Amino acid sequence: MGEEIHPPPTIQPLASTPQKAPDPGGWAVRCKQASNQRNLYGQRQWKNKQGCWGIQGLFCDLTNETSDIQEPYYARVRTASAGVFSGWSVTRRFTSWWETTIDPPAMKITPLNGSLLVVLRAPDLPYKDQKGKNISMENYYGLVYRVFIINNSLEKEQKVYEGTHRAVRIEAPAPRAAYCVVAEMYRPVFDSSSQRSEETCVDSA
């Protein structure tokens, strides 16, 4: 192995979303050529990340390598040029369960006899269960749904629901009012909320 003379590269954990991974999602490194490894906390041996060894890209996706979302992990990276290696840069210890940023819920609205039926759905994990089925984020987090009505004419917002039910019936605003509905998810254990869903706007009769 060559002599270590290059300074270690910089590693930057990226916030993860369920579409990518319940982990830091990847590592950004400022270098010309990088080699990446990961390690399960408590284990002495580092494991090479296939597809991120001798690469020139700036990102390495550790989704599959950190699939046990409640286990703590480390990752490390170094650069190489003409057989000369830098030292290793090591991330802080991270646990996928804590690092994940949850996307907004999917929302479907159906007018129903002067009220609105709002059906909500949490994002899925990027993994499948043993039967090949999707795994909802609800299986790992105590998610609470929040639904808001925004009155466009009054520029006023009202929270009309907060709870764990995925199908919610709410009263429509006053007749001939233009309003929009948005939803978000709240994780009490983290005291944090997802971003809000896109507004769905309705004109009441």
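No experiment lies behind these values; they were computed from the predicted model shown. Numbering of residues begins from 1 in every chain and follows the order in which that chain's sequence is written. Confidence filtering applies because this is a predicted model: local features only for residues at pLDDT of at least 70, side-chain atom pairs given and counted only at 80 or more, and all residues used for totals across whole chains, interfaces and linings. Heavy atoms throughout the structure, all of them, feed into the side-chain values; hydrogens and water do not.

Engineer: Outline the environment of Val-189, supporting the account with residue identities and numerical values.
Structural biologist: Relative to the assigned elements, Val-189 resides in the loop between strand E17 (178–187) and strand E18 (192–193). For Val-189, a relative accessible area of 52% corresponds to the exposed category. A run of H or I in DSSP counts as a helix once it spans at least four residues, and a run of E counts as a strand once it spans at least two, with each numbered from the N terminus. Per-residue accessibility, obtained with a 1.4 Å probe over protein chains only, is compared with the maximum for each type, and a residue is labelled buried under 20%, exposed over 50%, and partly exposed between these values.

Engineer: With reference to specific residues and values, describe the side chain of Arg-146.
Structural biologist: Looking at the secondary structure, you find Arg-146 in strand E14 (residues 144–151). Overall, Arg-146 belongs to the buried group, its relative accessible area being 16%. Between N or O atoms, a polar contact is any pair within 3.5 Å; within protein, one atom must be a potential hydrogen donor and the other a potential acceptor, and residues adjacent in sequence are included only when both atoms are from side chains. Among the polar contacts made by the side chain of Arg-146, one reaches the side chain of Ser-193 at a distance of 3.4 Å.

Engineer: A description of the pairing of strand E16 (residues 167–171) should follow, citing residues and the corresponding values.
Structural biologist: Residues of E16 alternate between two faces, with Val-168 and Ile-170 buried on one and Ala-167, Arg-169 and Glu-171 left unburied on the opposite face. Any two strands between which DSSP finds at least two bridges are classified as paired. Note: strand E11 (residues 115–121) against E16, five bridges, orientation antiparallel. Paired with Leu-116 across the two strands is Ile-170, which belongs to E16.

Engineer: Give me the sheet that holds E16: which residues, what numbers.
Structural biologist: Taken together, the three strands give an open sheet; going across it, the order is E10-E11-E16, and neighbouring strands pair in antiparallel fashion. A single partner strand is all that each edge strand has here, and the edge strands are strand E10 (106–112) and E16. On average, each strand axis in the sheet is inclined to that of its neighbour by 25°, with strand direction left out of account. In this structure, E10 lies alongside E11, joined through seven bridges in antiparallel fashion. Considered in E11, the bridge of Lys-108 is made with Val-119. In this analysis, axes come from line fits to C-alpha atoms, helices being fitted only over the stretch in contact, and the angle between any two N-to-C directions falls in the range 0 to 180 degrees.

Engineer: Quick rundown of the nonpolar core? Include the residues and the values.
Structural biologist: To form a nonpolar core, buried Ala, Val, Leu, Ile, Met, Phe, Trp, Tyr and Cys residues must be joined to one another through side-chain atoms within 4.5 Å. Counting residues in hydrophobic clusters, the biggest one holds 27 residues, and the most contacted among them are Met-107, Leu-120, Tyr-141, Leu-143, Val-147, Ile-170 and Val-181. Looking at this core element by element, the count peaks at four residues for E17. A contact between two residues is defined here by any heavy atoms of the two lying within 4.5 Å. Other than its neighbours up to four places away in sequence, Ile-170 contacts Ser-115, Leu-116, Val-118, Val-147, Ile-149 and Val-160.

Engineer: Explain the state of the cysteines residue by residue, including any values.
Structural biologist: We call a pair of cysteine sulfur atoms a disulfide whenever their separation is within 2.5 Å. Applying the stated criterion to the full structure yields two disulfides. Bridging Cys-52 to Cys-60, the disulfide has an S-S length of 2.4 Å. The chirality of the disulfide connecting Cys-52 with Cys-60 is right-handed, given an S-S dihedral of about 110°. What makes Cys-52 buried here is its relative accessible area of 5%. Of the residues examined, Cys-60 reaches a relative accessible area of 1% and is grouped as buried. Across the disulfide, Cys-180 is cross-linked to Cys-201 (sulfur-sulfur distance 2.0 Å). With the S-S bond torsion at 90°, the cross-link from Cys-180 to Cys-201 turns out right-handed. Note that Cys-180 is positioned in strand E17 and Cys-201 in strand E19 (residues 200–203), a separation of 21 residues in sequence. In this structure Cys-180 comes out as buried when scored by relative accessible area, which is 1%. Across the protein chain, the way the bonded cysteines pair up, counted in sequence order, is 1-2, 3-4.

Fair warning: the whole summary comes from geometry, so function is off the table for now.
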